[in-house]
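Observations on the three-dimensional arrangement
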Amino acid sequence: QDEAVVLWQIMDCVFAEDRDRLTAAIGLAHDPVSDGCIDIEYRIIRRDSEIRWLGVRSQTIFESGGDERRKLRTIGVVSDITQRKRDQRSLQMMKFSIENMGDKVTWINSEAKVLYANVAACRSLGYTQEEMLNLSVPDFDPDFPAETWQEHWENLKRHGSFTFESRHRTKGGDIYPVEISVNYMRFEDEEYNCGYARDISKRKQMEEALRIAATTFDSQEAILITDQHSRILRVNRAFQEMTGYSAEEVIGKNPRI
């Protein structure tokens, strides 16, 4: 608009939490002993109540000569940086979510060197992030000796992604099973292996318990299993041979038969 705008009108539009910071920056730039520069980002509230981010760079020019300099003018550029701030926030949120997710995330290059490891990966393996960046996959995965990496890399490039089970070795030497999903990524002419690993120790323990239970169920002793309403859910082979009833005949029935 063609109407004149004075500084106090602009300050009224500045987001309340940013106003003191902007006021201090202006005051410093107008101080004759300062260099007169402002480089600051702050929010404003428009007339339609929309919040926008502005970036300001300005230079205050003082009268030269004499013991006391007098301010002559301030020249500056104001840019709407709302979209840039939104993009930055999106990237920060994405980085935060990756850093704090439960699964272990690593980025590996074609030489099997670790380029990135999130908090979960470092915590589970017992290394700091700085230490992780000095490791290669064979240092923490005993199922991937150095001589097998090239074959793995070529398979990944060919298929794009796959999931498999492996083992990880902690800094202290403990080994635990993991399920790993890997994806081949190409970014700015560089190739990466982006992997997500999950500790499956509990799942393996449950599978072993089920295997033992299945072995026990197939023993020579007659076994039947019922629900809380005394309905037969399952019988083993020894029960069928001992009683002469087939599983189909008794499942769903009460043991009183």
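Here the structure is shown first, and the text comes after it.
Summarised in this report is the structure supplied together with it. Every value quoted in this text rests on a predicted model; they were computed, and no experiment measured them. (Residues numbered from 1 in each chain as written. Predicted model: local features only at pLDDT ≥ 70, side-chain atom pairs only at ≥ 80, totals over all residues. Heavy atoms only, no water.)

Core analysis: the biggest nonpolar cluster contains 22 residues, and Val 114, Met 132, Val 137, Phe 140 and Trp 149 have the highest contact counts within it. Only β5 (114–117), α4 (119–125), α6 (137–140), α7 (149–159) and β7 (175–187) provide two or more residues apiece to this core. Element by element, the count of residues in this core is highest for β7, at four residues. In this structure Val 137 touches Ile 108, Ala 112, Phe 144 and Trp 149, once residues within four positions along its chain are discounted. The next biggest cluster of nonpolar side chains, apart from the first, holds eleven residues, and it includes Met 11, Leu 22, Ile 38 and Tyr 42. (Core = buried A, V, L, I, M, F, W, Y, C linked by side-chain atoms within 4.5 Å. Buried < 20%, exposed > 50% of the residue type's maximum accessible area, 1.4 Å probe, protein only. Helix = DSSP H or I, 4+ residues; strand = E, 2+ residues; numbered from the N terminus. Contact = heavy atoms within 4.5 Å.)

What follows concerns empty space enclosed by the protein. Going through the model one piece at a time under the given rule, you end up with one cavity of 30 Å³ or more. Counted as a void, the largest cavity has a volume near 170 Å³. What lines the largest cavity is a set of 17 residues, and nearest its centre among them are Thr 106, Phe 140, His 168, Ile 180 and Val 182. Listing elements by their share of the lining of the largest cavity, those giving two or more residues are β4 (104–108), α6, α7, β6 (161–169), β7 and β8 (190–199). Here the element with the most residues in the lining of the largest cavity is β8; it accounts for four residues. Of the residues that constitute the lining of the largest cavity, the class distribution is ten nonpolar, five polar and two charged. (1 Å grid on protein atoms, 1.4 Å probe; cavity = no way out; pocket = protein on both sides within 12 Å on 5 of 7 lines; lining within 4 Å. Points joined across faces, edges and corners; volume = space filled by probe spheres on them. Nonpolar A, V, L, I, M, F, W, Y, C, P; charged D, E, K, R; others polar.)

Note that all results are geometric; they support no functional claim without further evidence.
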